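Observations on the three-dimensional arrangement
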Amino acid sequence: MRQSEQRNLTMMMDLYEMTMANGYFNNQDKDVRVAFDVFYRSNPDGGGFAIFAGLEQILEYIENLHFDPEDIEYFRSLNIFTESFLDYLKDFRFKGDIYAFREGTIMYPNEPVITVVAPLIDAQLIETALLAQVNHQSLIATKTRRIVSAAEGRAVSDFGARRAHNMDAAVYGARAAYIGGAAGTATVLAGQLFDIPVSGTMAHSWVMYYKDEYEAFKHYAENYPDGTVLLVDTYDVIGSGIPNAIRVAKEVLEPMGKRLKGIRIDSGDLAYLSKKIRKMLDEAGLEDCKIVVSNSLDEYTITSILQQGGKIDSFGVGERLITAKSDPVFGAVYKIAAVEENGEFSPRIKVSENVEKITNPGLKDVYRIYDETGHSIADLIVKAGETVDMSVPYYYADPAKPWKNRCFENCTAVKLQQQVVKDGKRIVEKATLESIRKFVEQQLANEIWEEEQRFENPHVHYLDMSLGYYQMKMDMLHDKRME
């Protein structure tokens, strides 16, 4: 089941994409082929990396691109588009090629994660939709990874749907969170659509509905004896919640041959309470009962709780995960890199007073460079089709320190982009969400340096350039300065 089948998202665009497309059409430029790159400029939360997510939804969107009659009528009502252009839209389908990193790839600023090579109008119309998917899902996947890392092997579940910015943000945020390492989600639609494990127990309303806390716990245990997790902070965690949970374990579950699976606390001093609770449960012979906590958690609060000796088995993380509260804007952009002229792609560069906004021009390939131990030591941008021979010392330019004489020795290079769309049609098989998640884990466990994964002052991953590519970029900057 695909959510995109239920609605046409072609109109998910900024108006300027249509005004430019109308102008290109009227100027007879609609068939000129161009290249656009999707990249971002900085990692969220000052981190050392980000996780690429959202590719599957982009591919579904591309294959379904079309304008319905009511869409064209809406554009006609704006009185700014020519009739010939509106007539052209009736049979519009995306006809270009798309190259992209594998979903789940660990990525870094200023490298082209997606490259669109297409007729000018086709490339222009998809800008907003592509960026919306990449920016949202990459942001949530990256934030989740930080939270999962802070949990130090304890399970993290997405509890954020009700605090998400809308229903789509909840559903696709849950998908991204699973890619980032969450063990599951409380969002049922995400579980149904993407086969993500779902979990959930009770709310405070269940406890408050019954005449007393014990009765509420008893009824829940009778209904779910194989998965009883009791919310113990409705009234008094230590004074009544835990004693009543223990009583249910002894009087209701154990006579059935069942064990109390867990308790959850959603308020209070989680470090202090969890230590007290663990002692009480152990003394009652419930050493296997898990302690689950929630309540405005993120990587920083989780780190603090664990440093204080909190006895937590798993975390339910809500609004600070699903909204990436600490740094809620990912910032990927879509910039033109080349225009086909006389059968060849001519590079284009954006020049800015802000150095970080100067783009990397032209068609290009991106390689990940690995040392002899299999660790990623840098990424390398080269001209499209340029040979990268690592059998001999490979000399390259460090854009941050171009005066340095640098080379890779005894390294291997792996190309990061692959073609995913050809002539508007998807040409790669759908990856399972589980395989994407495992790919993230494999990279972080085996390839990405621990120094890049720390929260404070992470190592900055090098983005280097071939000597030919660097010289081409410098020549273009020089030419622009002389104009």
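Quick summary incoming for the structure in this document. (Residues numbered from 1 in each chain as written. Predicted model: local features only at pLDDT ≥ 70, side-chain atom pairs only at ≥ 80, totals over all residues. Heavy atoms only, no water.)

This part covers empty space enclosed by the protein. With the rule as written, the count across this model stands at 2 cavities of 30 Å³ or more. Of the voids in this model, the largest cavity is the one considered here, and its volume is about 90 Å³. When residues of the lining of the largest cavity are assigned to their parent elements, the largest contribution, 4 residues, is made by helix α6 (residues 127-150). Considering only residue class, the lining of the largest cavity consists of 3 nonpolar, 5 polar and 3 charged. Together, Asp37, Phe39, Asn110, Pro112, Lys335, Ile336, Ala337, Thr359, Asn360 and Lys364 line the second largest cavity. Elements represented by at least two residues in the lining of the second largest cavity include exactly β1 (33-39) and β12 (333-341). The element best represented in the lining of the second largest cavity is β12, accounting for 3 residues. Of the residues assigned to the lining of the second largest cavity, the class counts are 4 nonpolar, 3 polar and 3 charged. (1 Å grid on protein atoms, 1.4 Å probe; cavity = no way out; pocket = protein on both sides within 12 Å on 5 of 7 lines; lining within 4 Å. Points joined across faces, edges and corners; volume = space filled by probe spheres on them. Helix = DSSP H or I, 4+ residues; strand = E, 2+ residues; numbered from the N terminus. Nonpolar A, V, L, I, M, F, W, Y, C, P; charged D, E, K, R; others polar.)

What the 6 strands build is an open sheet, ordered β7-β6-β11-β10-β9-β8; its pairing is parallel. Since the sheet does not close on itself, it has two edges, and those belong to β7 (184-185) and β8 (229-231), each with one partner. Where strand β6 (residues 155-158) lies against strand β11 (residues 314-317), 4 bridges are found, and the strand directions are parallel. Each residue of the ladder has a partner; that of Val156, found in β11, is Phe315. (Pairing = 2+ DSSP bridges.)

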